[in-house]
Amino acid sequence: MVKNSPDNTEKKKSLNFIQQIIEKDLAEGKNEKRVHTRFPPEPNGYLHIGHAKSICLNFGLAEKYNGLCNLRFDDTNPLKEDVEYVDSIKEDIQWLGFDWEDREYYASDYFQQLYEWAIKLIMDGKAYVDDLDQEDFAKNYRGTVNTPGKPSPYRDRSIEENLELFEKMKKGEFPDGSKVLRAKINMASPNMLMRDPALYRIKHASHHRTGDKWCIYPMYDYAHGQSDYIEGITHSICTLEFDIHRPLYDWLLEQIVDTKYRPHQYEFARLNLSYTIMSKRKLLQLVQEKYVSGWDDPRMPTISGLRRRGYTPESIRYFADKVGVAKRDNVIDVALLEHSIREDLNKKAQRLMAVLDPVKLVIDNYPDSETEELEAVNNPEDESMGKRKVPFSKELYIERKDFMEDPPRKFFRLAPDREVRLRYAYIIKCVSVEKDDEGNINTIHCTYDPETKSGTGKAQRKVKGTIHWVSADHAIDAEVRLYDRLFNNEDPNETEEGKDFTSNINPDSLNIVQGKIEPFIKDAEAGDKFQFERTGYFCVDKDSSEKLVINRTVPLRDSWAKKNQ
RNA sequence: UGCCCGAUGGUGUAAUUGGCAACACGUCUGACUCUGGAUCAGAAGAGUCUAGGUUCGACCCCUAGUCGGGCAACCA
């Protein structure tokens, strides 16, 4: 029962590389020994399981080291961002179980400060207004990864002129794209990002928070580190593709920091999941082109999709923990995600019997009008969940797959002349089958042995198999949505020539069946989770109305099915 | 061809910082079971990208290479 052996209890978990850095910083007394992280989503899409990893990392670190973690919306591009996304992001983080308390920040809150610092940069001769348009600059000045760039003809404008032009940019006197404010760094740097990166661009667009107050907007690089500094962030954690930005992050900070405190950026490898797409852009495409029903389609790797699918916050946090944090590219097996939810739900989920592919079974020697209330265990893993009554009668439904006319050797279920136990009920024996004109089985006839009722201990014999069932007259009908992976290819981006990832979509990712469920389910509400015995974990979908709609979260492990595949 | 990052069983992550590789998932056995679930017991599977070097000793340090990823948005 107890997992930790006595000599094992002391075993401390090894630290990931970020924790090692933090512990070193703490030991050296850096930043007044504070740990302050932030989760900085751009509100331009829904959060997905990859963000969950980052959320768990950032909030988890703060928790572990008695620090704080801010929520900061990186909303510097009004064209792509929207309040719809702000709201969904907040909901998802809260649902995951993390609390930013009163520290809900927006990069847009800092626009004024950022603007003032930009003026300081100009006055220090570290920034200039460039009239080159995007195309011209890219083609004739930036250079390439192999060749150095060269200075813009506007690079050496006087401070006064720069100040004046920047002021006019702010006042809206120039059209979009006609001018940018650039940092004056090094056009020959081997790091392209250091070749006089744009700090501000003109966008006459209304922002979801600042409205029309601004028509110049800071770029990510300029906003991010300075925002970290404003908020007192100590460890600014982002994904690997930003490592090349770090010199710029540091350079920009150096221009304004006059304290001993200074934030530092660290990069870790983003999460990749097999059979899953993680790009926000592609997820948006799936939504827009109606490959899925929305951002919260249960097949989506979004947090809202996983939630609707029946995943619990605990299971996702467990998953994030198991996945680890490192710097090398990785592809996590979806099986680990599935393991995470099974692990959690096995301990928590109410058990029920439900038949998803019903075939009628009649117990010939059972009294016509009788109904028994049989006792069933709600969760064998948790006695405190108690027991319930399940109605039993002459006519039942069982799973089509649980009967075979001509069974193979190791088939333990029902077959002509064979015995099987009906879970929580009796041992029955198949005596005959009825078929329709096409030869499909209509009805299975059995006899039962009244001496073998569950719990009486009177059964004189053991049977190999136990199957689930539902009483025909008492069953509740439900639409059951059986979900499978959205993509057929382990790497959905690996496609044939000329095709895109949508060509890898699994046409059978959703299979809808009409199931029969024991009456217990009748009062269930959206989000309620169950284990249908021998079948899988399920939850009630929000689409339920008079008729229940049930989502399959994940099937149970099935060694019989595996053996036969 | 430039710069940056990385490389440990099938997949991830470790190895308390130089003392002959551990944990998890997955896979396979077996036991148990009124869920072919769960649980329990066990097994297979890497000699740490390659080649040199330092060292009594290298996954760890050095050198050179190989492979993989990233970088040339007025995106983040």
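Residues numbered from 1 in each chain as written. Chains lettered and ligands numbered in written order. Predicted model: local features only at pLDDT ≥ 70, side-chain atom pairs only at ≥ 80, totals over all residues. Heavy atoms only, no water.

S.K.: Would you explain the nonpolar core in this entry?
M.R.: Nonpolar side chains in soluble globular proteins generally cluster together in the buried interior. Ranked by size, the top nonpolar core spans 37 residues in total, and within it Ile49, Ile55, Phe59, Ile93, Leu273 and Phe319 carry the most contacts. Residue assignment for this core shows that the elements contributing at least two residues are helix H2 (49-64), strand E2 (68-73), helix H3 (83-96), helix H10 (303-309), helix H11 (313-323) and helix H12 (334-348). Looking at which element gives the most residues to this core, the answer is H2, with 6 residues. Shared between two domains, this core holds at least three residues of each, these being domain 1 (17-268) and domain 2 (280-350 + 478-563). Here isoleucine 49 is in contact with Leu271, Leu273, Met278, Pro301, Leu306, Ile316, Phe319 and Leu337, once residues within four sequence places are set aside. (Core = buried A, V, L, I, M, F, W, Y, C linked by side-chain atoms within 4.5 Å. Buried < 20%, exposed > 50% of the residue type's maximum accessible area, 1.4 Å probe, protein only. Helix = DSSP H or I, 4+ residues; strand = E, 2+ residues; numbered from the N terminus. Domains from an automatic or database assignment. Contact = heavy atoms within 4.5 Å.)

S.K.: Help me understand the protein's contact with RNA strand B in this model?
M.R.: The environment of RNA strand B is made up of 68 residues, and the closest members are Arg328, Arg351, Arg413, Ser454 and Lys562. Considering the 4 Å shell around the protein, atoms of RNA strand B inside it are sugar or phosphate in 64% of instances. At 3.3 Å from a base nitrogen of RNA strand B is found a main-chain nitrogen or oxygen belonging to glycine 455. Residue lysine 562 places a side-chain N or O atom 2.4 Å away from a phosphate oxygen belonging to RNA strand B. For the surface near RNA strand B, the elements supplying multiple residues, two or more each, are H11, H12 and helix H13 (559-563). Sort the elements by how many residues they give to the surface near RNA strand B and H13 lands first, with 4 residues. Split by residue class, the surface near RNA strand B holds 23 nonpolar, 18 polar and 27 charged. (Near = heavy atom within 4 Å. Polar contact = N/O pair within 3.5 Å; in protein donor to acceptor, adjacent residues only side chain to side chain. Nonpolar A, V, L, I, M, F, W, Y, C, P; charged D, E, K, R; others polar.)

S.K.: Help me understand the packing of H2 against H11 in this model?
M.R.: If you want to describe how two helices pack, look at the angle between their axes and the distance between the axes. At their nearest, the axes of H2 and H11 sit 9 Å apart, and the two run at 80 degrees to each other. The orientation of H2 relative to H11 falls into the category roughly perpendicular. Between H2 and H11, the contacting residues are Ile49, Ala52, Lys53 and Cys56 on the first element and Ile316, Arg317, Phe319, Ala320 and Val323 on the second. Taken together, the residues that form the contact of H2 with H11 break down as 7 nonpolar, no polar and 2 charged. (Axes fitted to C-alpha atoms, helices over the stretch in contact; angles between N-to-C directions. Parallel < 35°, antiparallel > 145°, perpendicular 65-115°, else oblique.)

S.K.: Looking at this model, I keep getting lost on the pattern of salt bridges. Mind explaining?
M.R.: When the charged atoms of two side chains with opposite charge come close together, those side chains can pair. If you walk through the whole model with that rule in mind, you get 47 salt bridges. Measuring nitrogen to oxygen at the nearest pair gives 2.9 Å for the salt bridge that ties aspartate 92 to arginine 307. Taken together, the residues span a long stretch of sequence, with aspartate 92 in helix H3 and arginine 307 in helix H10 at a distance of 215 residues. As far as burial versus exposure is concerned, aspartate 92 and arginine 307 are alike and both buried. With a closest N to O distance of 2.7 Å, lysine 542 and aspartate 296 form a salt bridge. One end of the pair, lysine 542, is in the loop between strand E24 (536-540) and strand E25 (548-555); the other, aspartate 296, is in the loop between helix H9 (280-288) and H10, and 246 residues separate them in sequence. The network of salt bridges with common partners includes Asp296, Arg308, Glu479, Arg481, Asp541, Lys542 and Asp543. (Salt bridge = Lys/Arg side-chain N within 4 Å of Asp/Glu carboxyl O.)

S.K.: It is not clear to me how the environment of proline 407 should be interpreted in this structure. Could you clarify?
M.R.: Among the structural elements, proline 407 can be located in the loop between strand E15 (395-399) and strand E16 (419-422). In contact with proline 407, other than residues within four places in its own chain, are Ala415 and Arg418.

S.K.: Quick question: what am I supposed to make of a positive patch on the surface here?
M.R.: Judged by side-chain charge, Arg409, Lys410, Lys464 and Lys563 come together as a positively charged surface patch. Here lysine 563 is to be found in helix H13. A relative accessible area of 60% places lysine 563 in the exposed class. (Patch = residues over 30% accessible without salt bridge, like charges linked within 9 Å, V, L, I, M, F, W, Y side chains within 5 Å. Areas by Shrake-Rupley, 256 points an atom, 1.4 Å probe, with all protein chains shown as cover. Lys, Arg positive; Asp, Glu negative; His and termini not counted. Charge placed at Lys NZ, Arg CZ, Asp CG, Glu CD.)

S.K.: So what exactly am I meant to see when it comes to the sheet that holds strand E11 (residues 354-355) here?
M.R.: Overall, mixed pairing links the 7 strands, which are arranged E10-E23-E24-E25-E21-E22-E11 in an open sheet. Across the chains shown, the open sheet's two edge strands, defined by having one partner strand only, are strand E10 (350-352) and E11. With 4 bridges joining them, strand E21 (residues 476-483) and E25 adopt parallel strand pairing. When the bridges of E25 are listed, glutamate 479 appears paired with valine 549. Sheet strands touched by H12: E10, strand E23 (529-532), E24 and E25. Its angle to E25, the strand with the most contacts, is close to 115 degrees. (Pairing = 2+ DSSP bridges.)

S.K.: Whenever I open this one, the domain arrangement of chain A confuses me. Can you help?
M.R.: How big an interface is tends to be reported as the loss of accessible area on association of its parts. If you check the domain split of chain A, you get domain 1 (17-268), domain 2 (280-350 + 478-563) and domain 3 (354-468). Centre-to-centre, using C-alpha coordinates, domain 1 lies 35 Å away from domain 2. Listed per partner, the contact involves 25 residues of domain 1 and 25 residues of domain 2. Summed over both sides, the interface of domain 1 with domain 2 buries roughly 2,200 Å², with 70% coming from carbon and sulfur. Contact with domain 2 buries area across many residues of domain 1, yet Tyr46, Ile49 and Trp95 alone supply 32% of it, more than any other trio. Here domain 1 and domain 2 share 3 salt bridges between them. Counting across the domain 1 and domain 2 interface gives 6 residue pairs in polar contact (both at pLDDT 80 or more). (Buried area = accessible area lost by both parts, 1.4 Å probe.)

S.K.: Is there a simple way to think about unusual backbone geometry in this case?
M.R.: For residues besides glycine, phi is generally negative; the peptide bonds are generally trans as well. A positive phi angle, near 45 degrees, is found at aspartate 196, a position not held by glycine. Inspection of the secondary structure puts aspartate 196 in the loop between strand E5 (180-183) and strand E6 (198-202). Here aspartate 196 falls in the buried class, since its relative accessible area comes to 0%. Its identity is not glycine, yet tyrosine 424 carries a phi of approximately 65 degrees, on the positive side. You can see tyrosine 424 is positioned in the loop between E16 and strand E17 (427-435).

S.K.: Where do I start with the pairing of strand E14 (residues 387-393) in this structure?
M.R.: Walk down a regular strand and you will see the side chains alternate between the two sheet faces. Most of E14 is tucked away, with 5 of its 7 residues classed as buried. Across 7 bridges, the pairing between strand E13 (residues 371-377) and E14 is antiparallel. Following the sheet pairing, valine 377 is matched in E14 by lysine 387.

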